[in-house]
Amino acid sequence: MKLSPLQVKHYHFTTLSVIARPDVDLEKLDYGSEPYPPMKEAKLHTKILLGEPDGESDPHQFIVMLVISSNPDKTSHFPYQFAASLEGVFMIEHDGSLEERKRLVVRNGVSILYSAAREQLLSLTARHKYGPMLLPAANFSGLSVSDKQSGETISKARKKVSLKPRVRARPA
């Protein structure tokens, strides 16, 4: 096994919410042969932000922020409304240009965070009224720092970003 040049130093959720929609007609829920509700009516939205430290001209550490949400239409049969926001601190050991490092961090960092959100949402919905929900697999390989594709927005978070994870002291 060889370690990746991109390493996750820390990640955490800032929002994690699932609501079983009370207005869903149980008679109209059709999962077909699947154990999960189909995502076609979910109205899935993502937002991606890349943060870099101020004052560094050649950074190798970045923060990737990912927001995934679904707020289905009233007429939708998708049974859940949800939101997940994550922040991850990534270190990249790559000697390419700054733009190339950002591109690699965005593509791969978002994939890592999306997988974490997907698993958490599956776990949270496992005991919900309508059963487990699994986000679809997603491919972020086409993303770059300036792209605006498929509803995803990537922008540089140019405000002061603390790259140190917030860790609470645990009582002894």
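See the structure above.
What you are looking at is a predicted structure, and each value in this text was computed from that prediction instead of being measured. The residue count restarts for each chain, going from 1 along the sequence in the order it is written. Residue-level local features of this predicted model are given only where pLDDT is at least 70; pairs of side-chain atoms are given and counted only at 80 or more, and the full residue set underlies all totals for whole chains, interfaces and linings. Hydrogen atoms and water are omitted, and side-chain values are computed over all heavy atoms in the structure.

Draft legend 1. Up close: a nonpolar patch on the surface. Within this analysis, patches are made of residues with over 30% relative accessible area and no salt bridge. Like charges are joined at 9 Å or less; nonpolar side chains (Val, Leu, Ile, Met, Phe, Trp, Tyr) at 5 Å or less. Accessible areas in this description were obtained via Shrake-Rupley with a 1.4 Å probe; residue shielding takes into account the shown protein chains only. One side-chain nitrogen of Lys or Arg within 4 Å of one carboxyl oxygen of Asp or Glu is enough to make a salt bridge. Judged by side-chain polarity, Val 8, Tyr 11 and Ile 112 come together as a nonpolar surface patch covering roughly 220 Å² of accessible area. Secondary-structure assignment places Val 8 in strand S1 (residues 6-20). The way it works is that DSSP assigns letters per residue, a run of H or I at least four long becomes a helix, a run of E at least two long becomes a strand, and they are numbered from the N terminus.

Draft legend 2. Quick peek at the nonpolar core. Core analysis: the largest hydrophobic core is formed by 32 residues, its most contacted members being Phe 82 and Val 105. The element that contributes the greatest number of residues to this core is helix H1 (residues 98-125), accounting for eight residues. Among all residues touching Phe 82, those that are not within four sequence positions of it are Ser 17, Val 18, Met 39, Leu 44, Ile 68, Ser 69, Ser 70, Leu 121, Met 133 and Leu 135. Throughout this description, the term nonpolar core refers to a set of buried Ala, Val, Leu, Ile, Met, Phe, Trp, Tyr and Cys residues connected via side-chain atoms within 4.5 Å. Think of it in three bands: residues with accessible area under 20% of the maximum for their type are buried, residues over 50% are exposed, and the middle band is partly exposed, with areas taken using a 1.4 Å probe on protein chains only. By definition, residues are in contact when any of their heavy atoms lie within 4.5 Å.

Draft legend 3. Highlighting the pattern of salt bridges. Counting across every chain of the model gives six salt bridges. Close ionic contact of Asp 23 with Arg 21 constitutes a salt bridge, the shortest N to O distance being 3.5 Å. Note that Arg 101 is salt-bridged to Asp 58, the shortest N-O span being 2.3 Å. Here Arg 101, found in helix H1, pairs with Asp 58, found in the loop between strand S2 (44-51) and strand S3 (61-70); they are 43 residues apart in sequence, far enough to count as distant. Look at Arg 101 and you get buried, because its relative accessible area is 1%. Each of Glu 52, Glu 99 and Lys 102 takes part in salt bridges that share partners, so that together they form one network.

Draft legend 4. Main features of unusual backbone geometry. One non-glycine residue, Lys 43, lies in positive phi territory at about 55°. Mapped onto the elements of the fold, Lys 43 is located in the loop between S1 and S2. Looking at Lys 43, the relative accessible area reads 39%, which means it is partly exposed.

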